[in-house]
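Each chain, letter by letter, is given below.
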Amino acid sequence: MNFEKLLNNFDMGICVDQLQREALVDLVLLFVEIDGVVDDKEIEYTLNWVSSLVWHNDISPLDYIQANLSQARVAIEAKTVEDYIRHRCKHIVDSPAKSLAIELAKGVSMADGHLDQSEEKAISFLQRCLA
């Protein structure tokens with residue numbers, strides 16, 4: 001079963017670890033945007049974490065952030081946050097990455113010192129998706 005999951009997560013030669021990293025970045029970007037206020041502390045939290053990543057993509061992590069931040073914003077505006085989360089969770093396949101996703105969501109949400117209701121609701125949904 002796990003081998004089948006592994007094979008299903010290969011996409012045009014991109015390894016599962018990179019897909020997980022990208023999904024984690026996408027989720028962090030969602031939590032930066034979800035409360036409608038992009039705080040400098042949230043950006044700092046995100047950039048500090050992203051700078052620690054081992055990144056295997058032709059696009060740099062910062063360019064990836066710039067290119068994908070708008071996708072998170074679109075999901076929020078379209079009220080499709082749960083679909084956005086569910087889609088990213090499909091690429092988070094191992095337990096450490098699942099735990100990290102929740103830790104990052106909480107960390108970036110609390111970076112500004114306040115947990116908004118939209119953040120809390122999305123964290124709860126993320127936890128259910130990764131359970």
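Residues numbered from 1 in each chain as written. Predicted model: local features only at pLDDT ≥ 70, side-chain atom pairs only at ≥ 80, totals over all residues. Heavy atoms only, no water.

Draft legend 1. Broad picture of the side chain of glutamine 18. Among the secondary structure elements, glutamine 18 is positioned in helix 2 (residues 16-33). Non-local contacts of glutamine 18, meaning those with residues more than four positions away in its chain, are made with Val54, Trp55, His56 and Asn57. (Helix = DSSP H or I, 4+ residues; strand = E, 2+ residues; numbered from the N terminus. Contact = heavy atoms within 4.5 Å.)

Draft legend 2. Structural context of the pattern of salt bridges. Enumeration over the complete set of coordinates arrives at 3 salt bridges. Put simply, arginine 86 and aspartate 83 hold a salt bridge, and the shortest N to O gap is 2.8 Å. Pair noted here: arginine 86 and aspartate 83 are both in helix 5 (residues 81-89), with a separation of 3 residues, about one helical turn. With a relative accessible area of 44%, aspartate 83 lands in the partly exposed category. (Salt bridge = Lys/Arg side-chain N within 4 Å of Asp/Glu carboxyl O. Buried < 20%, exposed > 50% of the residue type's maximum accessible area, 1.4 Å probe, protein only.)

Draft legend 3. Quick peek at the packing of helix 2 against helix 3 (residues 40-51). At a minimum axis separation of 10 Å, helix 2 and helix 3 run at an interaxial angle of 170°. Between helix 2 and helix 3, the interaxial angle falls into the category roughly antiparallel. Residues Arg21, Leu24, Val25, Val28, Leu29, Phe31 and Val32 of helix 2 form the contact with helix 3, whose participating residues are Glu42, Ile43, Thr46, Trp49 and Val50. Along the lines of polarity and charge, the residues of the contact of helix 2 with helix 3 split into 9 nonpolar, 1 polar and 2 charged. (Axes fitted to C-alpha atoms, helices over the stretch in contact; angles between N-to-C directions. Parallel < 35°, antiparallel > 145°, perpendicular 65-115°, else oblique. Nonpolar A, V, L, I, M, F, W, Y, C, P; charged D, E, K, R; others polar.)

Draft legend 4. Looking closely at the packing of aromatic side chains. Following the criterion strictly, the structure yields 1 aromatic pair and no others. Considering the side-chain rings of tryptophan 55 and tyrosine 64, the 5.4 Å spacing of their centres and the 65° angle between planes classify their relative orientation as edge-to-face. Tryptophan 55 gets classed as buried once you look at its relative accessible area, which sits at 14%. Tyrosine 64 gets classed as buried once you look at its relative accessible area, which sits at 9%. Stacked on the ring of tyrosine 84, the Lys or Arg arginine 88 has its end atom at 3.7 Å from the ring centre. (Phe/Tyr/Trp six-rings, centres within 6.5 Å; stacked < 30°, edge-to-face > 60°. Lys NZ or Arg CZ within 6 Å of the ring centre and 35° of its normal.)

Draft legend 5. Inspection of unusual backbone geometry at higher detail. Within the chain, lysine 79 stands out as a residue other than glycine whose phi angle is a positive 60°. Within the element layout of this structure, lysine 79 appears in the loop between helix 4 (61-77) and helix 5. For lysine 79, a relative accessible area of 74% corresponds to the exposed category.

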